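# Observations on the model geometry
This is what each chain is made of:
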Amino acid sequence: MTARPDPYAGFPSGFFARADETPDGLFYAPQRLVTHIDDAAIAAVGDLYAELGIDGSAPAPRRVLDLMSSWVSHFRTPPAELVVLGMNAEELAANPAATERVVHDLNADPRVPLPDDDVDAAVCCVSIDYLTRPIEVLAEVGRVLRPGGTLAVTFSNRCFPTKAVRGWLLTDDVQHGAIVAELVRRTGRFGEPDVALRTTPGAGDPLWAVVATAR
């Protein structure tokens, strides 16, 4: 039997390992009703979602998946349906924009528990660096997105360093954009990703975005 190609070929050994490999459920059990980026970066996330036409200001109602979510999703105007998937039930319950809540550990099981072609858009805000099997997760996002749907991954320079993967900690923001874009490419489910800095350089927390369209 022919061995399946390694989707992570070319990444250094240990790139997706972490300093703290204890179960994520233990780390994320305490409720944290805090924001992890400054106000300007938060505004940039909302501006991006509005620009992409995936928030509540879009002419047609949108069903959106917020991956690795918490108590706030940073939409200026929430979409008609917002599925929030995260690790902490209390945080998800506190999210006023959510219409559906899913408690799920994507590092333990990278499958997204939604049907095929279920959402118009998927977002992941300042959390991509915690995924140990990001290609599998992003491929699942491509599965649940409707053809032509939007993926928007945003990140900054803040993280929980013991839970971020080692390769993320050893690279800079420009390299992070290239890494996320390459992970998206390797799923085979999206068109060419676009990488952009969405905030003014040197003015507070940087906010980068990687955006791609589902095939």
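Up top you'll find the structure we're talking about.
Definitions and limits used
- Residues numbered from 1 in each chain as written.
- Predicted model: local features only at pLDDT ≥ 70, side-chain atom pairs only at ≥ 80, totals over all residues.
- Heavy atoms only, no water.
- Pairing = 2+ DSSP bridges.
- Helix = DSSP H or I, 4+ residues; strand = E, 2+ residues; numbered from the N terminus.
- Axes fitted to C-alpha atoms, helices over the stretch in contact; angles between N-to-C directions.
- Contact = heavy atoms within 4.5 Å.
- Buried < 20%, exposed > 50% of the residue type's maximum accessible area, 1.4 Å probe, protein only.
- Polar contact = N/O pair within 3.5 Å; in protein donor to acceptor, adjacent residues only side chain to side chain.
- Phe/Tyr/Trp six-rings, centres within 6.5 Å; stacked < 30°, edge-to-face > 60°.
- Lys NZ or Arg CZ within 6 Å of the ring centre and 35° of its normal.
- Expected span 1.5 Å × (residues − 1).
- Parallel < 35°, antiparallel > 145°, perpendicular 65-115°, else oblique.
- Left-handed = near helix turned anticlockwise from the far one by under 90°.
- Nonpolar A, V, L, I, M, F, W, Y, C, P; charged D, E, K, R; others polar.
- Salt bridge = Lys/Arg side-chain N within 4 Å of Asp/Glu carboxyl O.

### Side note on the sheet that holds strand 2 (residues 81-86)
Read from one edge of the open sheet, seven strands run 3-2-1-4-5-7-6, paired in mixed fashion. Pairing within the sheet leaves two strands with one partner each, and these edge strands are strand 3 (100-103) and strand 6 (194-197). The sheet shows a mean angle of 15 degrees between the axes of neighbouring strands, direction not considered. Pairing of strand 4 (residues 119-125) with strand 5 (residues 145-155), which is carried by six bridges, proceeds in the parallel orientation. Across the sheet, the residue bridging to Val123 is Ala152, located in strand 5. Its contacts with the sheet place helix 2 (residues 39-51) against strand 4, strand 5 and strand 7 (208-213), and it is angled at close to 165 degrees to strand 5.

### Points about the side chain of Thr187
Along the chain, Thr187 turns up in helix 6 (residues 173-187). Thr187 gets classed as buried once you look at its relative accessible area, which sits at 14%. In terms of polar contacts, Thr187 uses its side chain to reach the backbone carbonyl oxygen of Val184, at 2.7 Å. Sequence-distant contacts of Thr187, defined by excluding residues within four places in its chain, comprise Ile135, Leu138 and Ala139.

### Concerning the packing of aromatic side chains
Overall, the coordinates contain eleven aromatic pairs when judged by the stated rule. Ring geometry for Phe11 versus Phe16: centroids 5.3 Å apart, planes at 65 degrees, classification edge-to-face. For the pair shown, Phe11 and Phe16 are each scored as buried. One aromatic cluster is present, formed by Tyr8, Phe11, Phe15 and Phe16 through successive ring pairs. A cation over a ring is seen here: Arg32 above Phe27, with NZ or CZ 4.6 Å from the ring centre. Taking NZ or CZ as reference, Arg32 lies 5.1 Å from the ring centre of Phe160, over its face.

### Here's the deal with the environment of Leu145
Topologically, Leu145 is positioned in strand 5. Owing to a relative accessible area of 1%, Leu145 belongs among the buried residues under this scheme. Spatially, the C-alpha atoms of Leu145 and Val64 are 9.0 Å apart, while their sequence positions differ by 81 residues. Sequence-distant contacts of Leu145, that is, excluding residues within four places in its chain, are made with Asp117, Val119, Asp120, Ala121, Ala122, Thr150, Leu151, Phe190 and Ala214.

### With respect to helix 2
Helix length check: helix 2, at 13 residues, gives a terminal C-alpha distance of 18 Å against a target of 18 Å (1.5 Å per residue), a fit within 8%. Against strand 4, strand 5 and strand 7 lie the buried residues of helix 2. Following helix 2 by one or two positions, Gly53 adopts a phi angle in the positive range, close to 70 degrees.

### A short note on the packing of helix 4 (residues 134-144) against helix 6
The axes of two packed helices give the description: the angle between them and the distance between them. Axis separation between helix 4 and helix 6 bottoms out at 8 Å; the angle between their running directions is 60 degrees. Looking at the two axes, helix 4 sits oblique to helix 6. In the packing of helix 4 onto helix 6, the handedness of the crossing is right-handed. Taken together, the residues of helix 6 that come into contact with helix 4 (itself represented by Pro134, Ile135, Leu138 and Ala139) are Leu183, Val184, Arg186 and Thr187. Here the residues of the contact of helix 4 with helix 6 are counted per class, giving six nonpolar, one polar and one charged.

### With respect to the pattern of salt bridges
The full count for this structure, using the stated rule, is 17 salt bridges. Salt-bridge contacts for Glu81 lead to Arg63; the nearest nitrogen and oxygen are separated by 2.8 Å. One end of the pair, Glu81, is in strand 2; the other, Arg63, is in strand 1 (residues 63-67), with 18 residues separating them in the sequence. For Glu81, a relative accessible area of 36% puts it in the partly exposed group. Looking at Arg63, the relative accessible area reads 10%, which means it is buried. The partner of Asp120 in a salt bridge is Arg146, with the nearest N and O atoms 2.9 Å apart. Linking Asp120 in strand 4 with Arg146 in strand 5, this pair joins segments that are 26 residues apart in sequence. Classification of Asp120 by relative accessible area gives partly exposed; the value is 22%. Residues joined in a network through salt bridges with shared partners are Arg18, Asp20, Glu21, Asp24 and Lys163.

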